[in-house]
Amino acid sequence: MQNKLIEAEIFRTSPYEGYSVSTLGNVRNDKTGRILKPGKTKLGYTIVTVGGQSRLVHKLVMDTFMPISKAEASSLTDVDHINANRSDNRLSNLRRCTHADNLRSAHRLALIRHACIALDKDGSVILQASSIREMSEMLGLSTGCIQGHLVHGGRTKNGITFKRISKAETRKVAA
């Protein structure tokens, strides 16, 4: 017989008037009793509209169940998803941490070390790198420059564009 962990869903009034948040990461409109339908950010975080503004669900969960003082908030600026799944907003999967600790997390490093490719004006792959840092070294550009082009699009002065690729796509390009 296998032991199963059962997590109860407990709602608590959130810091935002008229909304409650649960230990399983659900946000409820107190007036209607309906659970808000979440959306996703480009980075895969779950968001809901509360009080006319988009809010990150993981931050709502932490602010509701584990509020911290202003002094603590100055150092514990991040909320980390322990299992690295950005849509798993259960209270048991979240922890407050410093930004440096969040970046040092092994799973976080794996998430930010994206392979990327450089494309010419015709869209043909001209370079492939296992990380933004490697691409910056190959082209003699700063990592910030490449990151900026990845986030905002556009071309460099030489007409190069950049694109993130998955590990599966890396194998295809290499073949």
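How each quantity is defined
Each chain carries its own residue numbering, running from 1 in the direction its sequence is written. Where local features are concerned, this predicted model is filtered to residues with pLDDT of at least 70; where side-chain atom pairs are given and counted, the filter is 80 or more; whole-chain, interface and lining totals use all residues. Values reported for side chains reflect all heavy atoms of the structure, with hydrogen atoms and water molecules removed beforehand. Secondary structure elements follow DSSP: runs of H or I no shorter than four residues count as helices, runs of E no shorter than two count as strands, and numbering proceeds from the N terminus. Only protein chains enter the area calculation, which uses a 1.4 Å probe; residues under 20% of their type maximum are buried, those over 50% are exposed, and those in between are partly exposed. Note on definitions: a residue-residue contact is assigned when non-hydrogen atoms from the two residues lie within 4.5 Å. Only the protein chains shown count as covering a residue, and every accessible area follows the Shrake-Rupley method with a 1.4 Å probe. The pairing criterion is simple: DSSP has to find at least two bridges between the two strands. Between N-to-C directions, angles cover 0 to 180 degrees, with each direction set by a line fitted to C-alpha atoms, over the stretch in contact for helices. A residue's pLDDT is simply how confident the predictor is in it, with values from 0 to 100. Take the far helix as your reference; a near helix turned counterclockwise from it by less than a right angle gives a left-handed crossing, and one turned clockwise gives a right-handed crossing. Side-chain classes follow a simple rule in which Ala, Val, Leu, Ile, Met, Phe, Trp, Tyr, Cys and Pro form the nonpolar group, Asp, Glu, Lys and Arg form the charged group, and the remainder, Gly included, forms the polar group. Arc, as used here, means the arc of the directions from the helix axis to the C-beta atoms.

**Regarding the overall build of the protein**
- For the protein, the helix and strand inventory stands at 7 helices and 11 strands.
- In the protein, which comprises 175 residues, the share counted as buried stands at 31%.
- Put simply, of all contacts in the protein between residues at least 6 apart along the chain, 36% involve residues at least 24 apart.
- When the accessible surface of the protein is split by element, carbon and sulfur atoms take 53% of a total near 11,300 Å².

**Let's talk about the sheet that holds strand E1 (residues 11-13)**
- If you walk across this open sheet you meet the 3 strands as E1-E2-E3, and the pairing is antiparallel. At either end of the open sheet lies a strand with only one pairing partner, and these are E1 and strand E3 (27-29). Pairs of neighbouring strands in the sheet enclose a mean axial angle of 30 degrees, with direction left out of account.
- As paired elements, E1 and strand E2 (residues 19-22) share 3 bridges and run antiparallel to each other. Across the sheet, Phe11 pairs through a bridge with Ser22, a residue of E2.

**Some remarks on the confidence of the model for the protein**
- On average, residues of the protein carry a pLDDT of 85, and 87% of them reach 70 or more.
- Under a pLDDT of 50 for its full length, residues 170-175 has, in the predicted model, 6 contacts with residues more than four places off or in other chains.

**Comments concerning the packing of helix H5 (residues 132-139) against helix H6 (residues 143-152)**
- The contact between H5 and H6 brings their axes to 8 Å, and the two run at 115 degrees. Both H5 and H6 take part in a crossing whose hand is right-handed. Taken together, the residues of H6 that come into contact with H5 (itself represented by Ile132, Arg133, Met135 and Ser136) are Thr143, Ile146, Gln147 and Leu150.
- Its residues placed into classes, the contact of H5 with H6 shows 4 nonpolar, 3 polar and 1 charged.

**Quick look at H5**
- Listing the buried residues of H5 in full gives Ile132, Met135 and Ser136. For H5, the buried positions fall inside an angular range of 100 degrees around the axis, keeping them on one side. Residues Arg133 and Glu137 are exposed on H5 and point more than 90 degrees away from its buried face.
- Of the surrounding elements, those touching the buried residues of H5 are strand E9 (115-119), strand E10 (125-129), H6 and strand E11 (161-165).
- The positive-phi residue at the C-terminal boundary of H5 is Gly140, with phi of around 70 degrees.

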